[in-house]
Amino acid sequence: MLTQRVNDDMKAAMKAQEAAKLSTIRMLKTALKNKEIDLMRDLTDDEALAVIRMQIKQLKDSAEAFSAAGRVDLADPVKGEIAVLEAYLPAQMDDDALA
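Every value quoted in this text rests on a predicted model; they were computed, and no experiment measured them. (Residues numbered from 1 in each chain as written. Predicted model: local features only at pLDDT ≥ 70, side-chain atom pairs only at ≥ 80, totals over all residues. Heavy atoms only, no water.)

Colleague: I keep staring at the side chain of threonine 3 and nothing clicks. Help me out?
Modeller: You can see threonine 3 is positioned in helix H1 (residues 2-16). Those residues in contact with threonine 3, other than ones at most four positions away along the chain, are Leu32 and Glu36. (Helix = DSSP H or I, 4+ residues; strand = E, 2+ residues; numbered from the N terminus. Contact = heavy atoms within 4.5 Å.)

Colleague: Before we go on, may I ask you to explain the packing of helix H2 (residues 19-39) against helix H3 (residues 45-68) in this structure?
Modeller: Geometry of a packed helix pair, given as the angle between the helix axes and the separation of the axes. Interhelical geometry of H2 versus H3 gives an angle of 130 degrees and a closest axis separation of 10 Å. Taken together, H2 and H3 sit at an angle that is classed as oblique. Helix-helix and strand crossings are classified by hand; for H2 and H3 the assignment is right-handed. Together, Met27, Leu28, Ala31, Leu32, Lys35 and Leu39 of H2 and Glu47, Ala48, Val51, Ile52, Gln55 and Leu59 of H3 make up the contact between the two elements. Its residues assigned to classes, the contact of H2 with H3 comprises 9 nonpolar, 1 polar and 2 charged. (Axes fitted to C-alpha atoms, helices over the stretch in contact; angles between N-to-C directions. Parallel < 35°, antiparallel > 145°, perpendicular 65-115°, else oblique. Left-handed = near helix turned anticlockwise from the far one by under 90°. Nonpolar A, V, L, I, M, F, W, Y, C, P; charged D, E, K, R; others polar.)

Colleague: I keep staring at the nonpolar core and nothing clicks. Help me out?
Modeller: A general trend in soluble globular proteins is that nonpolar side chains are found buried together. The biggest cluster of nonpolar side chains holds 22 residues, and the ones touching the most others in it are Leu28, Leu32, Ile52 and Tyr88. Broken down by secondary-structure element, the contributors of at least two residues to this core are H1, H2, H3 and helix H4 (72-86). With 7 residues, H3 is the single largest residue contributor to this core. Residues within four places of isoleucine 52 in sequence aside, it is in contact with Leu2, Leu28, Leu85, Tyr88 and Leu89. (Core = buried A, V, L, I, M, F, W, Y, C linked by side-chain atoms within 4.5 Å. Buried < 20%, exposed > 50% of the residue type's maximum accessible area, 1.4 Å probe, protein only.)

Structure follows, in structure tokens:
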């Protein structure tokens, strides 16, 4: 289950002392927990993926706003957070597979 993978990755990030990755995973875990509270039940994998996509969209919007304002120092860490979250999404089909 996806939520279990998030928990396992959080433990691994703690052990490896990866502060940026740990922070991002904690943010994701909080968003997942908030959705569970809203629904009053455990999340399915599809619902968890929807939460992850929503978090990625918010971060992309933030990165674009920072870049537009010339704040590259703030945009770069956000792009790192996006990369961490995209690891939880299923692999996208490439152009060759679609043809």
